[in-house]
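Fold and contact review
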Amino acid sequence: MVARQLRERGIRSERVLGAMETVPRHLFVPSERVPEAYSDEALPVGEGQTISQPYVVAASAEALALEGRERVLEVGAGTGYQAAVLSLLAREVIAVETIPSLTESARERLTRLGYSNVRVEQGDGSEGLAGEAPFDAILVIPVGLTDRQQLLRIVKEGNRTTEQKLFPCRFVPLVGRFGWR
């Protein structure tokens, strides 16, 4: 997976590649999807949600340019896979998930697998997590229509923000107060 799907497609951060090699993706997918766990595609995980394809997980993590001392917010914990990858790159990861069953299973899985610097909170991720702010990084955002989006990297320095388009993507709709209607 790392050699063919990530390195060959331009992921260069050795820290990100190492994290992707370390986190066992097959433990984050439903049992009936284990044979497909390392395929180059998003997989359904229940509740109308998916686990992102490995390239998107790696590219998102690389775009954050983490050095290891950051507090990171992830909106939409899902199964906890992206949070597990980020946990190897940052000091602390707080993932917020709106769907109760996914929140509980992600918490249990991350605890069982020993990802002690990750916390999964139940809540409306579209509102952020104001009580925990500030964060050094928030996972990159897909922007656009429900059938096609652009993954963006937005960097804030002082009062100035810059926006970089990373690549076209397609995520499941953001659920919540400020989610897609």
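The rules behind each value
- Residues numbered from 1 in each chain as written.
- Predicted model: local features only at pLDDT ≥ 70, side-chain atom pairs only at ≥ 80, totals over all residues.
- Heavy atoms only, no water.
- Helix = DSSP H or I, 4+ residues; strand = E, 2+ residues; numbered from the N terminus.
- Contact = heavy atoms within 4.5 Å.
- Areas by Shrake-Rupley, 256 points an atom, 1.4 Å probe, with all protein chains shown as cover.
- Lys, Arg positive; Asp, Glu negative; His and termini not counted.
- Charge placed at Lys NZ, Arg CZ, Asp CG, Glu CD.
- Pairing = 2+ DSSP bridges.
- Axes fitted to C-alpha atoms, helices over the stretch in contact; angles between N-to-C directions.
- Buried < 20%, exposed > 50% of the residue type's maximum accessible area, 1.4 Å probe, protein only.
- Right-handed = clockwise from strand over helix to strand, strands pointing away.

Some details on the overall build of the protein
Across its full length, the protein holds five helices and nine strands. Along the chain direction, N to C, the helices and strands of the protein fall in the order α-α-β-β-α-β-α-β-α-β-β-β-β-β. Viewed in the frame of its principal axes, the protein has a C-alpha envelope of about 45 × 35 × 35 Å. Taking as baseline every contact in the protein between residues at least 6 positions apart, the subset at least 24 positions apart corresponds to 55%. In the structure as shown, the protein presents an accessible area of about 9600 Å², 49% of it carried by carbon and sulfur atoms. Considering the protein, the positive charge centre built from 22 side chains and the negative charge centre built from 24 side chains are found 3 Å apart.

A few points about the sheet that holds strand S7 (residues 141-145)
In spatial order, the strands read S7-S8-S9; together these three strands make up an open sheet with antiparallel pairing. This sheet does not close on itself; its edge strands, each paired only once, are S7 and strand S9 (160-169). Between one strand and the next, the sheet's axes are offset by a mean angle of 35°, whatever the strand orientation.

Some thoughts on helix H3 (residues 54-64)
For H3, the tally of buried residues reaches ten of eleven residues, placing the bulk of the element in the interior. Taken together, the buried positions of H3 are occupied by Pro54, Tyr55, Val56, Val57, Ala58, Ala59, Ser60, Ala61, Ala63 and Leu64. Taken from the residues just after H3, Ala65 is the one with a positive phi, measuring 50°.

Things to note about the pairing of strand S3 (residues 71-75)
Within S3, four of the five residues are buried, leaving the element largely enclosed by the surrounding structure. As paired strands, S3 and strand S4 (residues 92-97) are joined by five bridges and run parallel to one another. Following the sheet pairing, Arg71 is matched in S4 by Glu92. Between the parallel elements S3 and S4, the chain passes through helix H4 (residues 81-87) in a crossover that is right-handed. The sheet contact formed by S3 and strand S6 (residues 137-138) spans two bridges and is parallel. Along S6, the bridge assignment pairs Leu73 with Ile138.

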